[in-house]
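Working through the structure, step by step
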Amino acid sequence: MQPNNSRRPPTEQEQAARQTAPQQQRVPTARDMVIDLVSGGVSAAVSRLAVAPVERVRVVYQCQSDPHMRRVLLAPQQQQQQDSSGWVSLLDCALHLVRSEGF
């Protein structure tokens, strides 16, 4: 069994040599670039999938007062179901969309 030798703290000369020595930067390889590209694409896809339903609710809620936009955004049976006052909140709009269109 080897004795547990604790490391001694670096001397002032060693610290100065480390600070003045140029740091070697690692050159990225093609594999690293492919991994970065794929991970960026996956993160973009996940964020789009997470944000898309919220954006749909926001657009429908914002355009509820315009009759032309209501015809474009909602199916005819949904237009008849919605009363003239519109939705009270974003949650009300989201629940209506989930019931009528599904998730």
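Anything mentioned here points back to the structure above.
In this report, the structure presented in the accompanying data block is examined. (Residues numbered from 1 in each chain as written. Predicted model: local features only at pLDDT ≥ 70, side-chain atom pairs only at ≥ 80, totals over all residues. Heavy atoms only, no water.)

1. A closer look at helix H2 (residues 30–62)
Over its 33 residues, H2 runs 46 Å from end to end, which matches the ideal 48 Å to within 8%, given 1.5 Å per residue. At Val-51, H2 shows its largest kink, close to 35°, and the proline Pro-53 lies no more than four residues downstream. Every buried residue of H2 is accounted for by Asp-32, Val-57 and Val-60. (Helix = DSSP H or I, 4+ residues; strand = E, 2+ residues; numbered from the N terminus. Expected span 1.5 Å × (residues − 1). Bend = angle between axes of the 7 residues up to and from the residue. Buried < 20%, exposed > 50% of the residue type's maximum accessible area, 1.4 Å probe, protein only.)

2. Looking at the nonpolar core
Taken as a class, soluble globular proteins show a tendency for nonpolar side chains to be buried jointly. One finds Val-57, Val-60, Trp-87, Cys-93 and Leu-97 forming the largest nonpolar core, which totals five residues. If we skip the residues at most four places from it in the chain, Cys-93 touches Val-57, Val-60, Tyr-61 and Trp-87. (Core = buried A, V, L, I, M, F, W, Y, C linked by side-chain atoms within 4.5 Å. Contact = heavy atoms within 4.5 Å.)

3. Quick word on the environment of Glu-55
In this fold, Glu-55 is placed in helix H2. A residue is classified by how much of its surface remains accessible, and Glu-55, at 33% relative accessible area, is partly exposed. Only 2.6 Å separates the side chain of Glu-55 from the side chain of Arg-58, close enough to count as a polar contact. (Polar contact = N/O pair within 3.5 Å; in protein donor to acceptor, adjacent residues only side chain to side chain.)

4. Let's talk about the layout of surface pockets
In this model, the largest pocket occupies a volume close to 190 Å³. Residue lining of the largest pocket: Pro-53, Arg-56, Val-57, Ala-94, Leu-97, Val-98, Glu-101, Gly-102 and Phe-103, and that is the complete set. With four residues, the single largest contributor to the lining of the largest pocket is helix H5 (residues 90–101). Of the residues assigned to the lining of the largest pocket, the class counts are six nonpolar, one polar and two charged. (1 Å grid on protein atoms, 1.4 Å probe; cavity = no way out; pocket = protein on both sides within 12 Å on 5 of 7 lines; lining within 4 Å. Points joined across faces, edges and corners; volume = space filled by probe spheres on them. Nonpolar A, V, L, I, M, F, W, Y, C, P; charged D, E, K, R; others polar.)

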